[in-house]
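# An overview of the molecular structure
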Amino acid sequence: MHWTGSGDVFSLAAAVACGLGLALAPVLALYAHHSGQKHVHALASAPLLAALAAFSACPVDGASWISVLCAGLATAVFLLSTYFEMRLAGRGTGLPRIFVLSGAVFAAGWGFLAYPLHNPLPPTGAALFLAVLLAGTGLLLLQKKRARIEKPSLPLRAAYLVLLLAGIALAFHGTGLVTAAAALDAFALLTLLAVAMAAHAAFAGGAAKEGAVATNRTLRLAARNLEDENRQLSDMAARLEFEKGRLQQKRSELEKENRQAEDRIRELCRTADAFFTLGQSIDYARRIQQALTPSDAKLRQLLGESFVLNLPRDKVSGDFVWCENLGEGWVLLFLADCTGHGVPGAFMSALGTMMLGQIAVGRSIRRPDQVLAEMDAGLRSALSSNGGSVQDGMEAAALLLAPGRRQALYCGAKLPLFRAANGTCEVVEGVRRSIGGRLRENSPAFESVSLTLRRGEMLYLSSDGFQDQLGGPEDHRYMKARFRDTLAWTSALPVAEQRATLLSSHNQWRGKRDQTDDVMVAGLRIQQA
């Protein structure tokens, strides 16, 4: 038909108002669903009532247009229902490609029916519309299958029914059955209204369900976070407990170490006290040993021009010298090197000094060989009195000077006599046997050697400490030959300078090395009347 009267304009306006009202209702429901504003759902009912009023005011001659608009709105509702059906079923939130394609097919079909505007619809046009309708429906059914919607909801089924009613009504228009088409249009619009209201309710319920789902998801996420925090707190508590145990163990170890350190300090204090007491005792023993050693004044009185070089390795020494006037001008000079050094050597030297006094002075034994033999017997008797074997002893040299200093008797137990004069030095060897110590079966007897003395010559008795000192460029012993050469070129010096030279030679040879053994050298110059 052609638009020639006001009635046609009114019919068109009513159809448009009805279509807008029916389209606005699902749009408001969709906005409310996405924005979360629940009060918008109540506004969705107003466009539905307005669409119903516009439909009741629509004239009969505009029925074909109402059928077209009804079918288009049914397509929109059908598409929206399908979309939200998939959302509520958890099949995704985007618009699949088939869904968009089916909507485009329906839009093309309704455009073909609405243009050109004429009434009644030709039969070929109705047939083409039904073909387009079936194609769009097939695409939607394919989308439904792909979305795996097992049982479509009531709004979705009702929207599909409206599509069929609208298509049949348009077909009736094409065949001239206007009354039947109008009846189907009315039923379709009422059904569409019911679908819109049902969709509104479904959208509202879906929003509530999605809100509940979101709330549950939030609660589950919070629960997982709490579990993670509890697990972290448990791990932290376990680590703290482990650290606490480790710290307690460390504390116990430190307390144990502190107690051990305190015990060690107390022990060191006791040791220090003992060492202090022992040091005092050794100092006292050193003073006693010095008192037993003849002074320089006594040596000069008995021997004339003489000296003694005494270098203990420790505070007390195992080397000792003894000199006494035995009467009638006979003077006995005795030098000994006892086994060991330090305190043990000092005890042996004290024992030797005491025995010499008993033998030479108390019993008036003068000959050096007899003195050494008596000391050997007495020392063995003293050291073996507890039933043990004699292991300790001494090397010694005894020199008996006759009145007038023309003759002398010498006897040595492994210690020689050095005679130096005119830059040469002669060595008079002793017996290869010590006083005390281990006695071999073939040990020789002590024998004295008679000496004729020369004016100005030097006589020396020495322990082996000077000769055994380690040092020099190659860290060797000083040796007996070097010691003899040293005595040879120093013998012409005054005795005081001889002592200083021997001390300097010893220190220079030793260098930074520790002293190897006790050192004792006794020297005298023969001054005949």
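Let me begin by describing the structure that accompanies this report. Everything numeric in this text was worked out from a predicted model, so none of it was measured.

## A look at the pairing of strand E10 (residues 458-462)
Most of E10 sits out of view: five of its five residues are buried. Along E10, one buried face is formed by Met458, Tyr460 and Ser462 and the opposite face, lined by Leu459 and Leu461, is buried too. Bridge count between strand E6 (residues 417-421) and E10: four bridges; the pairing is antiparallel. Paired with leucine 417 across the strands is leucine 461, a residue of E10. In the sheet, E10 pairs with strand E13 (residues 519-525) via five bridges, with the strands oriented antiparallel. In the strand pairing of E13, serine 462 is matched with valine 521.

## Regarding the side chain of serine 434
Here serine 434 shows up in the loop between strand E7 (424-428) and strand E8 (435-436). At 3.4 Å, the side chain of serine 434 forms a polar contact with the backbone oxygen of glycine 436.

## As for the environment of leucine 379
Inspection of the secondary structure puts leucine 379 in helix H11 (residues 368-383). With near-sequence residues (within four places) excluded, leucine 379 lies in contact with Met348, Leu351, Met355, Gly393, Met394, Ile435 and Gly436.

## Observations regarding H11
Spanning 16 residues, H11 covers 22 Å between terminal C-alpha atoms, matching the ideal 22 Å at 1.5 Å per step. The set of residues buried in H11 consists of Pro368, Asp369, Val371, Leu372, Met375, Asp376, Leu379 and Arg380. Take H11 and look down its axis: the buried residues cluster within an arc of 160°, on one side only.

## Concerning the environment of glycine 393
With respect to the helices and strands, glycine 393 occurs in strand E4 (residues 393-401). Excluding its chain neighbours within four sequence positions, the residues that come into contact with glycine 393 are Cys338, Thr339, Met348, Leu379, Ile435, Gly436 and Gly437.

## Observations concerning the packing of helix H12 (residues 480-490) against helix H13 (residues 495-510)
The geometry of H12 relative to H13 is characterised by a closest axis approach of 10 Å and an angle of 145° between their N-to-C directions. You can see that H12 and H13 cross each other, and the crossing is right-handed. Judged by residue contacts, Arg482, Thr486, Leu487, Trp489 and Thr490 of H12 engage Gln498, Thr501, Leu502, Ser505 and Trp509 from H13. Class assignment of the residues belonging to the contact of H12 with H13 gives a composition of four nonpolar, five polar and one charged.

## Description of H12
Turn by turn, an α-helix covers 3.6 residues, leaving residues three or four places apart pointing in a common direction. Residues Phe483, Thr486, Leu487, Ala488 and Thr490 constitute the buried set of H12. Residues of H12 that are buried make contact with E6, E7, E10, H13 and E13.

## Quick word on the pattern of salt bridges
For the structure shown, the criterion picks out 16 salt bridges. Of the charged contacts, one joins arginine 367 and aspartate 369 as a salt bridge, the two residues approaching to 3.3 Å between their closest N and O atoms. Residue arginine 367 is classed as partly exposed on the basis of its relative accessible area of 36%. For the salt bridge of arginine 433 with aspartate 376, the shortest nitrogen-to-oxygen distance reads 3.1 Å. Linking arginine 433 in the loop between E7 and E8 with aspartate 376 in helix H11, this pair joins segments that are 57 residues apart in sequence. Of the two residues, arginine 433 and aspartate 376, neither departs from the other in class, the shared state being buried. Through salt bridges with shared partners, a single network forms among Asp376, Arg380 and Arg433.

## Let's talk about unusual backbone geometry
With phi around 60°, serine 364 is a residue other than glycine that occupies positive phi space. Within the chain, asparagine 422 stands out as a residue other than glycine whose phi angle is a positive 55°.

## Re the nonpolar core
Core analysis: the biggest nonpolar cluster contains 27 residues, and Phe320, Leu332, Phe334, Leu372, Met375, Met394 and Ile435 have the highest contact counts within it. Contributions of two or more residues to this core are made by strand E2 (319-327), strand E3 (330-338), helix H10 (342-362), H11, E4 and strand E5 (407-413). It is H10 that contributes the most residues to this core, six residues altogether. Residue contacts for phenylalanine 320: discarding those within four places in its chain leaves Phe334, Leu335, Ala336, Cys338, Ser349, Gly352, Thr353, Leu356, Met394 and Met520. Counting residues in each nonpolar core, the second largest holds 25 residues, with Val308, Val321, Cys323 and Leu453 among its members.

What counts, and at which threshold
Residues numbered from 1 in each chain as written. Predicted model: local features only at pLDDT ≥ 70, side-chain atom pairs only at ≥ 80, totals over all residues. Heavy atoms only, no water. Buried < 20%, exposed > 50% of the residue type's maximum accessible area, 1.4 Å probe, protein only. Helix = DSSP H or I, 4+ residues; strand = E, 2+ residues; numbered from the N terminus. Pairing = 2+ DSSP bridges. Polar contact = N/O pair within 3.5 Å; in protein donor to acceptor, adjacent residues only side chain to side chain. Contact = heavy atoms within 4.5 Å. Expected span 1.5 Å × (residues − 1). Arc of directions from axis to C-beta. Axes fitted to C-alpha atoms, helices over the stretch in contact; angles between N-to-C directions. Left-handed = near helix turned anticlockwise from the far one by under 90°. Nonpolar A, V, L, I, M, F, W, Y, C, P; charged D, E, K, R; others polar. Salt bridge = Lys/Arg side-chain N within 4 Å of Asp/Glu carboxyl O. Core = buried A, V, L, I, M, F, W, Y, C linked by side-chain atoms within 4.5 Å.

Worth remembering: the numbers are spatial, not functional.
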